[in-house]
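The residues making up each chain are set out below.
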Amino acid sequence: MNAVELIERKRDGQRLTEDEIRWLIQAYTDGTVTDYQMSAMAMAIYFNGLDAEELWAWTGAMLESGEVLDLSDIDKPKVDKHSTGGVGDKVSIPLAPLVASCGVAVPMMSGRGLGHTGGTLDKLESIPGFVAELDARTFHDILARVGVVMAGQSETLVPADRKLYALRDASGTVPSIPLIASSIMSKKLAEDLDGLVLDVKVGEGAFMRDMGRARQLAETMIGIGRSHGLAVTALITDMSQPLGRMVGNANEIAESIDVLAGRGPDDLVEITVALAVEMLELAGIDDPRTAVDEALSSGAALEKFEELVEAHGGDPAVVSDRSLLPSAPEQTPIRAEAGGYVAACDARAIGLAAMRLGAGRERKEDDIDPGVGIEVLKKVGDEVSPGDVLGVLHHRPGDISDALARASSAWAISEEPTSPPRLIHDRIESSGPSI
Ligand code: URA
């Protein structure tokens, strides 16, 4: 087969056959098809899409590019959650131990932060000693022993996506629904799950800025799951403003512990609980809402978090002693110039400001600073008086003017009262295109 011919066909809006797609992904994984050819193909797909059959073949070929996990000896239902990413989205950190403490196995594969969005692995690694990159055996052993494990995607799992995602990131082809859906779902299908809950974020701080595209992405992923026999439920949740109050890494761990200790911010608790209920429902647990409430109020979920941290080599004493977490020496407040009501707290602007402080990375190879971040004190709907602190930058000494300008631009104050956005916009269970 000839890569140029396939690129030209997709460029001209024609379909590719299953054999052609399988050949392309295989040849790209082994290096026969070059990065520049694959980036041209990704751009052609960005503009012309993939139909349902092409998407099925594309996802299957990605899945088959590497190994799949074998968790068949774990005698509990295995359910994971995947978020399409946002700002202050630390939900996985309280959610995974919470669900595990209700008797469901949670083999969670997470990612790192890039651009304005944070990554669960970076946050977890701000716990002293925590090892987030595990080999397949250790991943399996922690899951078997603790009932939950949270680690990065191993080298051997879906290597085609490892290459392709980096390429898309460098070629402006990330925000394509078929490419995002196949990228996420090929990795989830390789995890040997019984169920998957998707948290599709929508709004300024998300990949999907409007409901139509968020719904289309959710339905596409549900369709891929169904065609591979995986039960998938999706919640479409708000990412117009940061989730919770903390944006960064160590500060998001502290806030996650607050959720497990029963004192988390309302929006973060609501989404964590809603996703936990969905995961337990997929696992067939009776009366999931009661199970979640009991796991939180009894302290069982918090204990599971301590077990998880210890199993990953981390120091569980962070639960009772926050001073063990990294922090930044300087604090700069942002104050309201006028009184009124918060009409917007732009998640993307806050995320970019946090990245500029060092909490995130511009390029994959950048290091992050786990102690810096932004505290968001006023959110949409809050009443403010002139001079009130809207947020606080936690930073190192030095020039923070760019981060300060970006963060300050996030808040809009109106004279009219405003209401907080709905947190859960939609729930989708198994509709969508059949593949
Ligand atoms: N996350 C992924 O894993 N893949 C994408 O394409 C986008 C977000």
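Cut-offs and rules
Residues numbered from 1 in each chain as written. Predicted model: local features only at pLDDT ≥ 70, side-chain atom pairs only at ≥ 80, totals over all residues. Heavy atoms only, no water. Salt bridge = Lys/Arg side-chain N within 4 Å of Asp/Glu carboxyl O. Helix = DSSP H or I, 4+ residues; strand = E, 2+ residues; numbered from the N terminus. 1 Å grid on protein atoms, 1.4 Å probe; cavity = no way out; pocket = protein on both sides within 12 Å on 5 of 7 lines; lining within 4 Å. Points joined across faces, edges and corners; volume = space filled by probe spheres on them. Phe/Tyr/Trp six-rings, centres within 6.5 Å; stacked < 30°, edge-to-face > 60°. Lys NZ or Arg CZ within 6 Å of the ring centre and 35° of its normal. Expected span 1.5 Å × (residues − 1). Buried < 20%, exposed > 50% of the residue type's maximum accessible area, 1.4 Å probe, protein only. Contact = heavy atoms within 4.5 Å. Polar contact = N/O pair within 3.5 Å; in protein donor to acceptor, adjacent residues only side chain to side chain. Core = buried A, V, L, I, M, F, W, Y, C linked by side-chain atoms within 4.5 Å.

### Quick notes on the pattern of salt bridges
Part 1 of the argument: This model, assessed by the stated rule, comprises 35 salt bridges.
Part 2 of the argument: A salt bridge links Glu-133 to Arg-112, with the nearest nitrogen and oxygen atoms 2.9 Å apart. Of the two residues, Glu-133 sits in the loop between helix H6 (120-124) and helix H7 (136-146) while Arg-112 sits in the loop between strand E2 (106-110) and H6, which places them 21 residues apart along the sequence.
Part 3 of the argument: Taken together, the shared-partner salt bridges connect Arg-112, Asp-122, Glu-125, Glu-133 and Arg-361 into one network.

### Brief notes about the layout of surface pockets
Part 1 of the argument: Of the volumes computed, that of the largest pocket is approximately 1300 Å³.
Part 2 of the argument: Considering the residues around the largest pocket, the lining is formed by 49 residues, among which Ser-110, Gly-111, Arg-112, Tyr-165 and Lys-187 are closest to the centre.
Part 3 of the argument: Of all the elements in the fold, those that place two or more residues in the lining of the largest pocket are strand E1 (79-83), E2, H6, helix H8 (159-171), helix H9 (177-189) and helix H15 (347-357).
Part 4 of the argument: Here the lining of the largest pocket gets 6 residues from one element, more than from any other, and that element is H8.

### Details of the packing of aromatic side chains
Part 1 of the argument: Summed over all chains, the structure comprises 1 aromatic pair.
Part 2 of the argument: Considering the side-chain rings of Tyr-46 and Phe-47, the 5.1 Å spacing of their centres and the 85 degrees angle between planes classify their relative orientation as edge-to-face.
Part 3 of the argument: In this arrangement the basic side chain of Lys-163 is found over the ring face of Tyr-28, its NZ or CZ atom lying 4.4 Å from the centre.

### Structural notes on helix H4 (residues 52-63)
Part 1 of the argument: Across its 12 residues, H4 extends 16 Å between first and last C-alpha, which sits within 8% of the 16 Å expected from 1.5 Å per residue.
Part 2 of the argument: By the criterion of burial, H4 is predominantly enclosed, with 9 of the 12 residues buried.
Part 3 of the argument: Buried-residue contacts for H4 involve helix H1 (3-11), helix H2 (18-29), helix H3 (35-48), H8, H9 and helix H10 (211-227).
Part 4 of the argument: If you check the start of H4, you find a side-chain oxygen 3.1 Å away from the backbone N of Glu-53, and it comes from Asp-51.

### Some points on the nonpolar core
Part 1 of the argument: Core analysis: the largest hydrophobic core is formed by 142 residues, its most contacted members being Met-38, Met-41, Trp-58, Ile-127, Ile-350, Ile-374 and Trp-411.
Part 2 of the argument: Per-element accounting of this core gives the leading share, 9 residues, to helix H12 (residues 266-282).
Part 3 of the argument: Every residue in contact with Met-41, bar those within four places of it in the chain, is listed here: Leu-6, Ile-7, Lys-10, Leu-16, Leu-24 and Trp-58.

Purely geometric numbers; function is a separate question.
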